[in-house]
Each structure stands twice: as C-alpha cells, then as structure tokens.
Amino acid sequence: MACETERHPLGVFECQLCALTAPYSYVGQKPPNIQSVILLEESYVMKDPFTSDKDKFLILGSRCSVCSRLVCVGPDCSLFYSKRFCLPCVQEHIDAFPQEIRQDVEKRKLPSKKPTART
C-alpha cells in the first residue's frame, strides 16, 4: 500500500527563476522510505516518476541560502557549494567564491552552441 505522500503531493514546487513547476511529496533532509540518505540541504523532493521503486526520488530544488528565493537545481538557476545559491546571488557575490566556482559560473554564462539551419 502506497504511503499518503506518494498518492497526494504536498504542493507544487515552482522555481522563481525559470518557472519550472512540479508536484513535490516531501520537504526536508531525510526523504521518506530511504534510511541511508541524508540530504545536505532542506530540499523539495518528488518520487521518481520513471520507476516503480519507492526508494528512488528526484530533488527539485531548495531555497537560496542568501536571498531565500526558491530555485530549482538546474544549472541555469542555482549551484550547490556547501549551501544552495541562486545564480543572481552568485553573480552578486562572485568574489566570495573559490576560483573553480568562478570558472564554472563563467562557463555557464557562455551561450550554448546550437546548430545553424542550412538552407
């Protein structure tokens, strides 16, 4: 028998940067049914819809540790470096991050190379 949170989501997660929305079934650091996992941040979690294994889950996002904005884990919206940071806060405080993080952020800002249409 499925537990209550698997059948009824607690709410809908919405990233305040990219507007990604998804139903979440748990908020916290210890997802239900998983004894061996403790997340490093309070996260919005959903059961993995691509498997029937109840122990599988997806992390949707968390709050930015600087501004408290709700952001998804997508590379265009946030990064995790001991805490979750939204990219606008990373940009604003870029000098506070190590060189490796700065380089990673610079790579993210480069436009992706898309194939050009041939006529």
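Every value quoted in this text rests on a predicted model; they were computed, and no experiment measured them.

Caption draft 1: Quick look at the overall build of the protein chain. Within the protein chain one finds three helices and eight strands. Classification of the 119 residues of the protein chain by burial places 32% in the buried group. Partitioning the intrachain contacts of the protein chain with sequence separation of at least 6 by distance along the chain shows that 24% fall at a separation of at least 24. Accessible area of the protein chain: about 8300 Å², with a carbon and sulfur share of 53%.

Caption draft 2: Local environment of the pairing of strand S2 (residues 21-24). Alternating positions in S2 separate cleanly, Ala22 and Tyr24 being buried on one face and Thr21 and Pro23 remaining unburied on the opposite face. In this sheet, S2 lies alongside strand S1 (residues 11-14) in antiparallel orientation, the contact comprising four bridges. Residue Glu14 lies in a different strand from S2, and its bridge partner there is Thr21. The antiparallel pairing of S1 with S2 creates a hairpin that spans six residues between the two strands, and Ala19 there sits at a positive phi of about 70°.

Caption draft 3: Broad picture of the sheet that holds strand S6 (residues 70-72). One open sheet accounts for four strands, arranged S3-S4-S5-S6; its pairing is antiparallel. The sheet terminates laterally at strand S3 (26-28) and S6, the two strands that pair on one side only. Geometrically, the sheet is characterised by an average inter-axis angle of 30° between neighbouring strands, direction not taken into account. Here S3 runs beside strand S4 (residues 43-47); their pairing, made up of three bridges, is antiparallel. Its bridge partner being in S4, Gly28 is matched across the sheet by Ser43.

Caption draft 4: Just the pattern of salt bridges, in detail. With the rule as written, the count across this model stands at one salt bridge. Here Arg84 makes a salt bridge to Glu41, at a shortest N to O gap of 2.7 Å. Of this pair, Arg84 sits in strand S8 (residues 84-86) while Glu41 sits in the loop between S3 and S4; the two residues are 43 residues apart in sequence, bridging distant segments of the chain. One exposure class covers both Arg84 and Glu41, and it is buried.

About the criteria used
- Residues numbered from 1 in each chain as written.
- Predicted model: local features only at pLDDT ≥ 70, side-chain atom pairs only at ≥ 80, totals over all residues.
- Heavy atoms only, no water.
- Helix = DSSP H or I, 4+ residues; strand = E, 2+ residues; numbered from the N terminus.
- Buried < 20%, exposed > 50% of the residue type's maximum accessible area, 1.4 Å probe, protein only.
- Contact = heavy atoms within 4.5 Å.
- Areas by Shrake-Rupley, 256 points an atom, 1.4 Å probe, with all protein chains shown as cover.
- Pairing = 2+ DSSP bridges.
- Axes fitted to C-alpha atoms, helices over the stretch in contact; angles between N-to-C directions.
- Salt bridge = Lys/Arg side-chain N within 4 Å of Asp/Glu carboxyl O.

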